[in-house]
Structure formats: C-alpha cells, structure tokens
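# Fold and geometry: a report
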Amino acid sequence: MLRLIFPDTRYLSSYIAALREGFRIGVRAIPSEEEIQSIEKDAFDHFESFNRQGGTFKAVDGMTYPRVQDNTYWLVDDKEFIGAINLRIQLNDFLAKHGGHIGYGVRPSMWRRGYATNMLSLLLEKAKLAELKKVMLTADAENIGSWKAIESNGGVLTSTLPSIFIQGNTTRIYWIDLL
C-alpha cells in the first residue's frame, strides 16, 4: 500500500539504494558517494535536515532567500522507499518564480510507473489540510513525466520561462486549484 510518511530509518537501505541510482528531488544535486556514505553513518542528522525550519538558503541566482515553512514526505510501500515530495506552505520571492509549493522526485528504477502522479495526489490532500487554496508547481519542459503527473492532478499550465537551473531549457509554471 502506497503512503506518505516522514523520513524514517526503517527505509534507510532502500533510500541509500535510491541515492546510488541517482535519486534527487527536483533540481537538487545528486549526492556523491562520499555524501551517501556520510548519510549511512548518520542518518538521523540527514533526516532531521529535511524538515528544519527557519534560516536562509543561497539560490542558483546567487541571492540569499529566507527558508519557508515546509515538510518533506517519503512515498513508500510496505517494503521500500519510492520517492520524496516537499510541501512548502508559503512562497518566498525565489520560489514564487522558480520553485512553487511542491517539489518531488521518484527513484530512477521506479520511473514511468505512475508513482509521481500518485505521490502528488496524496500530497495535495495534505495541502488542503494546510488550508492552501491553490498550489504552484514547476517542471522542466523536457521532463515530460513530471508535467504529465502535474496535469493528471489538475495542473493548469499558466506560463513558461527560461530555466535558471539548466541553460537552454524552459520551465513550465503550473497552478492547481484545491477548492
């Protein structure tokens, strides 16, 4: 049975396997083998970092922005880690243009099986519980699986803009009405 949970060490071995496959959320960098070994040694600190609140982050545009309230969830079945999804309750200036309320990723060995669509559907229920009326998501124009998952969940393409993450690519901006 598929479900969203907070990161949990019960799924550490399959999460580590996913990292070694090249798993990442959105445009985050794929961790090096050294970083993966560090996570294996101290998973608790790594898991805690997912849902730390406050502080700032430096974006790819070189600017520093405040972190927003967010939660990271894992999509799991009874045995293994499948993917991760992040819900941002508010947007800062950077996210309002380049990231949106939701970012997600599915481990490469599980692509093209509908997991992104299911994971997003489950998270939209949490967004409703957080009393969000609509959510913004972005997808690289070349990531057809991502924008199909968004559109399958009611996403409406509202604009496009040049990607600041991948030179020469386009970012598709979507909104999903939760009312």
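Remember, it's a predicted structure, so these values are computed and weren't measured experimentally. (Residues numbered from 1 in each chain as written. Predicted model: local features only at pLDDT ≥ 70, side-chain atom pairs only at ≥ 80, totals over all residues. Heavy atoms only, no water.)

It is worth spelling out helix α6 (residues 144-152) at this point. Because each turn of an α-helix spans 3.6 residues, side chains separated by three or four positions in sequence point in the same direction. Every buried residue of α6 is accounted for by S146, W147, A149 and I150. One face of α6 carries all of its buried residues, which in axial projection span an arc of 155°. Positioned one or two residues after α6, G154 has a phi angle of 95°, which is positive. (Buried < 20%, exposed > 50% of the residue type's maximum accessible area, 1.4 Å probe, protein only. Helix = DSSP H or I, 4+ residues; strand = E, 2+ residues; numbered from the N terminus. Arc of directions from axis to C-beta.)

In this section: the pattern of salt bridges. Per the stated rule, a full pass over the model turns up eight salt bridges. As a salt-bridge pair, R3 and D78 come within 3.6 Å of each other at their nearest N and O atoms. Note that R3 is positioned in strand β1 (residues 3-5) and D78 in the loop between β4 (70-76) and β5 (81-88), a separation of 75 residues in sequence. Because the salt bridges share partners, they merge into one network encompassing R20, E33 and E40. (Salt bridge = Lys/Arg side-chain N within 4 Å of Asp/Glu carboxyl O.)

With that settled, the discussion passes to the environment of L87. Structurally, L87 is set in strand β5. When the C-alpha atoms of L87 and K126 are compared, they prove to be 8.4 Å apart, with 39 residues separating the residues in sequence. Apart from residues no more than four positions distant in its own chain, L87 is found in contact with Q69, D70, N71, H101, I102, L123, K126, A127 and L132. (Contact = heavy atoms within 4.5 Å.)

Here we come to the packing of helix α1 (residues 12-21) against helix α2 (residues 33-41). A pair of packed helices can be characterised by two numbers: the angle between their axes and the separation between those axes. Two numbers describe how α1 lies on α2: the axes approach to 10 Å, and their chain directions differ by 175°. In terms of orientation, α1 and α2 fall into the roughly antiparallel class. Residues L12, Y15, I16, L19 and R20 of α1 pack against E33, I36, Q37, I39 and E40 of α2. Here the residues of the contact of α1 with α2 are counted per class, giving six nonpolar, one polar and three charged. (Axes fitted to C-alpha atoms, helices over the stretch in contact; angles between N-to-C directions. Parallel < 35°, antiparallel > 145°, perpendicular 65-115°, else oblique. Nonpolar A, V, L, I, M, F, W, Y, C, P; charged D, E, K, R; others polar.)

Tallying each qualifying case throughout the model produces twelve aromatic pairs. On the numbers, 6.0 Å between centres and 70° between planes, the contact of Y15 with F47 is edge-to-face. Highlighted residues: Y15 in helix α1 and F47 in helix α3 (residues 43-50), separated in sequence by 32 residues. The class for Y15 is buried, based on a relative accessible area of 4%. Taking the centre distance of 5.3 Å and the plane angle of 40° together, the rings of Y65 and F94 count as tilted. Separated by 29 residues along the polypeptide, Y65 in strand β3 (residues 64-66) and F94 in the loop between β5 and α4 (95-98) bring together distant segments of the chain. Across the pair, exposure class does not vary: Y65 and F94 are buried alike. (Phe/Tyr/Trp six-rings, centres within 6.5 Å; stacked < 30°, edge-to-face > 60°.)

Another point: the confidence of the model for the protein chain. Taken residue by residue, the protein chain gives an average pLDDT of 92. The fraction at 70 or more is 99%. Of all helices and strands in the protein chain, the one with the weakest mean pLDDT is α3 (82), whereas helix α5 (residues 115-129) scores best (98). (pLDDT = per-residue confidence, 0-100.)

Take the side chain of N92 next. As for its placement among the helices and strands, N92 is situated in the loop between β5 and α4. A distance of 3.0 Å separates a polar side-chain atom of N92 from the backbone nitrogen of F94. In this structure the side chain of N92 is engaged in a polar contact, spanning 2.8 Å, whose partner is the backbone nitrogen of L95. Once residues lying within four places of it in the same chain are set aside, the contact partners of N92 are F57, Y65, P66 and V68. (Polar contact = N/O pair within 3.5 Å; in protein donor to acceptor, adjacent residues only side chain to side chain.)

Below, the discussion takes up the nonpolar core. Membership of the largest hydrophobic core comes to 28 residues, with the highest contact counts inside it found for I85, I102, Y104 and V135. Elements with a minimum of two residues in this core: β4, β5, β6 (102-106), α5, β7 (134-140), α6 and β9 (170-177). Considering every element that reaches this core, the biggest residue donor is α5, with seven residues. Not counting chain neighbours up to four residues away, the residues in contact with Y104 comprise I25, G26, A84, I85, A116, M119, L137, S146, A149 and I150. L19, I25, I39 and F50 belong to the second-largest nonpolar core, a separate cluster that totals 18 residues. (Core = buried A, V, L, I, M, F, W, Y, C linked by side-chain atoms within 4.5 Å.)

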